[in-house]
2 protein chains.
Amino acid sequence: MVTPTSTTPVSTASAAAPAPGSGRGGVLRLLRYSACSLLPSAAAARSGARLTTALRARTQPAEPELVEQSVNTIRFLAVDAVEKAQSGHPGLPMGCAPLGHVLFDEFLRFNPKNPAWFDRDRFVLSAGHGCMLQYALLHLAGYDAVKMDDLKAFRQWRSRTPGHPENFETPGVEVTTGPLGQGFANAVGLALAEKHLASRFNKTDMKIVDHYTYVILGDGCQMEGVSNEAASLAGHWGLGKLIAFYDDNHISIDGNTDIAFTEDVLARYEALGWHTIWVKNGNTGYDDIRAAIKEAKGVKDKPTLIKVTTTIGFGSPNKANTYSVHGTALGSKEVEATRSNLGWLHEPFHVPDEVKRHWSHHIDDGASLEAEWNARFVEYDKKYHQEAAELKSIISGELPSGWDNALPTYAPEISPDATRNLSQQCLNALAKVIPGFLGGSADLATSNMTLLKMFGDFQRDTPEERNIRFGVREHGMGAISNGIAVHSPGLIPYCATFFVFTDYMRASIRLSALSESGVIFVMTHDSIGLGEDGPTHQPVEQLFSLRAMPNILMLRPADGNETSGAYKIAVLNRKRPSIIALSRQKLPQVKGTSVDAVSKGGYIISDNSSGNKPDFILIGTGSELEIAENAAGELRNKGRTVRVVSLVCWELFEEQPEEYKESVLPNEVTSRISIEAGVTFGWEKYIGQKGKAIGIDRFGVSAPAGKIYEELGLTVENVIAAAEAL
Amino acid sequence: MVTPTSTTPVSTASAAAPAPGSGRGGVLRLLRYSACSLLPSAAAARSGARLTTALRARTQPAEPELVEQSVNTIRFLAVDAVEKAQSGHPGLPMGCAPLGHVLFDEFLRFNPKNPAWFDRDRFVLSAGHGCMLQYALLHLAGYDAVKMDDLKAFRQWRSRTPGHPENFETPGVEVTTGPLGQGFANAVGLALAEKHLASRFNKTDMKIVDHYTYVILGDGCQMEGVSNEAASLAGHWGLGKLIAFYDDNHISIDGNTDIAFTEDVLARYEALGWHTIWVKNGNTGYDDIRAAIKEAKGVKDKPTLIKVTTTIGFGSPNKANTYSVHGTALGSKEVEATRSNLGWLHEPFHVPDEVKRHWSHHIDDGASLEAEWNARFVEYDKKYHQEAAELKSIISGELPSGWDNALPTYAPEISPDATRNLSQQCLNALAKVIPGFLGGSADLATSNMTLLKMFGDFQRDTPEERNIRFGVREHGMGAISNGIAVHSPGLIPYCATFFVFTDYMRASIRLSALSESGVIFVMTHDSIGLGEDGPTHQPVEQLFSLRAMPNILMLRPADGNETSGAYKIAVLNRKRPSIIALSRQKLPQVKGTSVDAVSKGGYIISDNSSGNKPDFILIGTGSELEIAENAAGELRNKGRTVRVVSLVCWELFEEQPEEYKESVLPNEVTSRISIEAGVTFGWEKYIGQKGKAIGIDRFGVSAPAGKIYEELGLTVENVIAAAEAL
């Protein structure tokens, strides 16, 4: 078994240079890839070209006995890991082991020593609780992240085998799953990315983007609305290289799915434009599974759903086909009974030598696959240099130098405008200079102002375009965007709806934050300022509810400069998503704002005090910064010293050195007033217990925006009154 | 036209006594109902019995010309109101006016003078942006809430005709809609409630619960995942009296639905177990609409989706069938062109006399319908007194006296237990004494501990039972629960999932709060204390994100007494939903907690200080109250005076008098430490700028719970260290 240990990037010539070695393993040993090796080198290409023949036999299935052994290895790795942890979900891995074996061993194209190889097939376990299936497969396939010790540390502190698959913990795991339906929608995003890139970069004489996306989803995923949203879009877009396996085991936590889930799933998918196949015996019907995958790969114009009927907890004599095997360790007695039942009379965590030997071919094969691709890319680069450069940027995530110069700046004299309009200028500016910038709206493109004017719509027959039409499917949109973001470091997806409808997609926003997917959430109509649509459409608590979320930036720019600054931050933060809250209504260009100051999160807009000791500090965000400025003007006219602070992004302000924070909000000055068209809850952090927060501690109301601002007290007069009361 | 103005409740004998009058209107004039008149009286029954014949002709359609006039009246009321407001959505009302007319005038059973009459048909406009359709219909039908002046005040401050239908503003509007898909799912909840109550209370010789639920949904509603979740359940449950009209107009905000929505909707619904009908000409095919509704009413075992193909903005020569008529006033020129095109040469807001005259029959008919039902109820009460008493309680919302005595109390000696288990004791205790108490979980009944042991499952053939199996459909569950809650004041639905998955259902939780639906959200596994499932399942920011939401109670009980107290609060708050966060792990019964103290939101658990001046105040919630108590014990051993405060519900604490708050958290004591297994953001409110918040400002991690508590610093030692540092 070949076990390269070097982590030298392939792009250094020495690592890729030929060295002594014989036969298949020998040559391949030299092609070492680290997780950060994303781009091919010429040297790699030279070696790769010689390796094609070595792969000939790889899609031939192993001998039936060996397959059975491998499948039982997978089953018992799951059983044993869950048993050791006394926590976890053995049922799915036991039922899906045959599918997992066939898919990973016979179909999936990957390089275990470089999990980040660009043109790999993507695999998503949407039913993430069954993660021991994935860990067992990654282990057998030779991924460095999942060694035997990792399997034994399942669900323990700091292990690389957490209770649900986490892309940020385990190289080889594409997306973070567990919350049901999300992974499936991520897979739609992955497949979208492939289709988009393939149509942009493939040439009639050379395919440089060509991989499949496979996903396993269970009954729970099927029930979640987000999966229907994503499935409807996948069918609409004709994502032919998306192949979904529905683990139809009839069991969910509450028992038989008959109690809550009796729809005809295949008929629903057909209605959504999918090709469907039913493998009736997913427990032992290996050839049926193989035939189904082959059939699915042959259907180019539709995604395929393969319903694989399995028995949850297959092999457990007393617990198979019951909910008790879903999410609980079998217990030592039942483990023994299962070993006996399946003839697996080994110690825990046993991997038979012949199984090891068999799976070891993936190390060679994977290296070979990548090497072939690398060679192809070198050719591609020669013939299509411009496209290759763009694709490289998408693969590596390296931003073109000077990209941020494209963002517009604004003088105070420039006409007032809604920040949603200014946002559109940013989006269009960025799409011109960043090859992987693409996105769209949940049927509000003309309200969110998110259309990229130089591009058409990403559609079934125009997948090279970059305006994505998500329909009214916020949740699916968020999860699909997460999938696009994790496909390639240089893909920067944005997605848009009204700010209040972050509530519809909060679960996907959270996963964006958790899984370090740098999606840009463009959220317009960010307050009561939207007026007549009323409280169902007026966010009041959303700013705080999102400021409370870890690893995400909640930005609320006040004008053109801050909008550009917000986008600069959003593009730079590739492992931390950004939410940009934007106004429907026109706002003036505020004197004192700047693009770069946004990076500090909070900064001084204006001040007539000296010695860092103003009488008052007025703090505003977004559309209310104008009110703060106007109130400051009046207070200054009355002889007071007033500082106005824009707190455009709380998270970034918190990250500044104490000294800077003190220079903006000196401890000594306790007469602080905040004004923001949202709940005041949380403002205590910056105004202290002696300050005054002006906001809206109730739901909004349907009326013209100006009237609401006035009636709810978001006025200059109220700020002045508050200042006088302090 | 009969226009009763009295608001005297019918339950006083004088209001219901016969008085002079002649003919149909004369007799009916006497049956006056206010919105708060929910229950029939014997006197009403006596009158009502005489009125049956008056209704004979009501389902006969009006003459075709009159129908056309009525339909154009509806169209132009919408056009004119939007034009006057220069804001709103004329397209849907113009397209759906024919359907609206037929449904309201010929099928819907309601009493306009008592919108709260129990056995009315329910109507929901899920495509809430088209609310001028509903307002026009309510106006014509004689609802007092929508007079002509109200129509003219469309979308203005304090009007009863806000920009989307709001049940709390406009009697006659059943649910608050606008966020797409929600109303449809609410309708599933309304139909569930009907089916449940019908099966519980109807007798072979007497139907006392017998009404339909109608809902109009558009393309946007269809795309939202929440509607698929709800539709799947409606099909599963066989809600035969749910009739949904899909306004198939092919236009959404971004243009033709072809750009994002090409699935076969009817086929999808068939897969979900619905009966489907297609009315191909919804613009002028009145008889087709009638036939479809009749057919749908005849299908008893399945809900029906009637796809009604319409033209958005029907009649507008230049804007019909375009997105520009969706959400913008037509403009005066196009309004004139539309008047001319449809031959409607009237002033704005014109209602022809013959249309008024025709619609006026609903006032008599409605009174008659209710009177008939009242008479039937009196009979029912005589024959089935026990059931009648239960039903009365459900109709009125009056809780049985002493209901809260059923809630268990706990001495400190009682064994530690998870609050999710203690919650189940409360649920079971309440279901025994409150006739309208029912609910369930999103496929986590055995984890959330929500099964009512004395009842079976609400299912297609056992709808009299009270355990609802929602499947893995949190969003649909929330919206369906909202529908159940607004069906009858005495229906108290609870619904459950893991606390982190409030993110999946946040949009429905918000609507619960906004629309004053007193749903109880039972949210278990409320922190990192759930352990190995890891960060995807561990809430950290959810407490704050929900504390930020208006009109909702976020409760986090620490033990048995506080759990009982939380349920007491939740049941009492019928217009403010409650979220109860509960632990997976065992917690001790804390000395000093009490059921009743929960009503104050925050209170002193223990204290060894005097003069309201402890050295330290330790504030905990839920599972961390124990840590606070233990730390206090150690600090006291070191000679310090320490007060421990349980802040079980911030909203309730905020509502206490200043004096009380000062008695718990005296301003003078600034050495305050909070401990809570969630983000610290927001705690500044109670600990002040000198206090210390111990919490988790990051995502969680997969490991055994005790290990995570220790590693993330939620320990007694850390509290003591913080105290020493202060």
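- Per an unreviewed UniProt entry, chain A goes by transketolase and derives from Sorghum bicolor.
- Per its UniProt entry, chain A bears the Subunit (unreviewed entry) comment "Homodimer."
- Under the UniProt heading Sequence similarities (unreviewed entry), the entry covering chain A gives this text: "Belongs to the transketolase family."

### Overview of the UniProt feature "binding site: Mg(2+)" (unreviewed entry) in chain A
All names here are of chain A.
Part 1 of the reasoning: The UniProt entry lists Asp219, Asn249 and Ile251 under the feature "binding site: Mg(2+)" (unreviewed entry), expressed in the numbering used here. These annotated residues cover 33 residues of sequence, but their C-alpha atoms sit close together, with the largest distance between any two at 7.6 Å.
Part 2 of the reasoning: Relative to the helices and strands, Asp219 is located in helix 9 (residues 219–223).
Part 3 of the reasoning: Using a relative accessible area of 4% as the deciding quantity, one classes Asp219 as buried.
Part 4 of the reasoning: With residues up to four places along the chain from it excluded, the contact list for Asp219 reads Tyr246, Asp247, Asp248, Asn249, His250, Ile251, Thr257 and Phe261.
Part 5 of the reasoning: Following the sequence through the fold, Ile251 ends up in strand 4 (residues 251–252).
Part 6 of the reasoning: Dropping the residues within four chain positions of it, Ile251 is found in contact with Asp219, Asn256, Thr257, Ile312, Asn321, Thr322 and Tyr323.

### Quick notes on the packing of aromatic side chains
Geometrically, a pair of aromatic rings is defined through the distance of the ring centres and the angle of the planes.
Part 1 of the reasoning: For the coordinates displayed, the defined rule picks out 52 aromatic pairs over all chains.
Part 2 of the reasoning: Ring geometry for Phe377(B) versus Tyr380(B): centroids 6.0 Å apart, planes at 35°, classification tilted. You can see Phe377(B) and its partner Tyr380(B) sitting in helix 15 (residues 361–383), three residues apart, about one turn around the helix.
Part 3 of the reasoning: Overall, Tyr380(B) belongs to the buried group, its relative accessible area being 0%.
Part 4 of the reasoning: The cationic tip of Lys280(A) hangs over the ring face of Trp278(A); the distance from NZ or CZ to the ring centre is 4.8 Å.
Part 5 of the reasoning: Across from the ring centre of Tyr212(B), 5.4 Å away, lies the NZ or CZ of Lys241(B), which sits over that ring.

Reading the values: the criteria
Residues numbered from 1 in each chain as written. Chains lettered and ligands numbered in written order. Predicted model: local features only at pLDDT ≥ 70, side-chain atom pairs only at ≥ 80, totals over all residues. Heavy atoms only, no water. UniProt positions renumbered as here; feature names shortened; annotations may be inferred. Helix = DSSP H or I, 4+ residues; strand = E, 2+ residues; numbered from the N terminus. Buried < 20%, exposed > 50% of the residue type's maximum accessible area, 1.4 Å probe, protein only. Contact = heavy atoms within 4.5 Å. Phe/Tyr/Trp six-rings, centres within 6.5 Å; stacked < 30°, edge-to-face > 60°. Lys NZ or Arg CZ within 6 Å of the ring centre and 35° of its normal.

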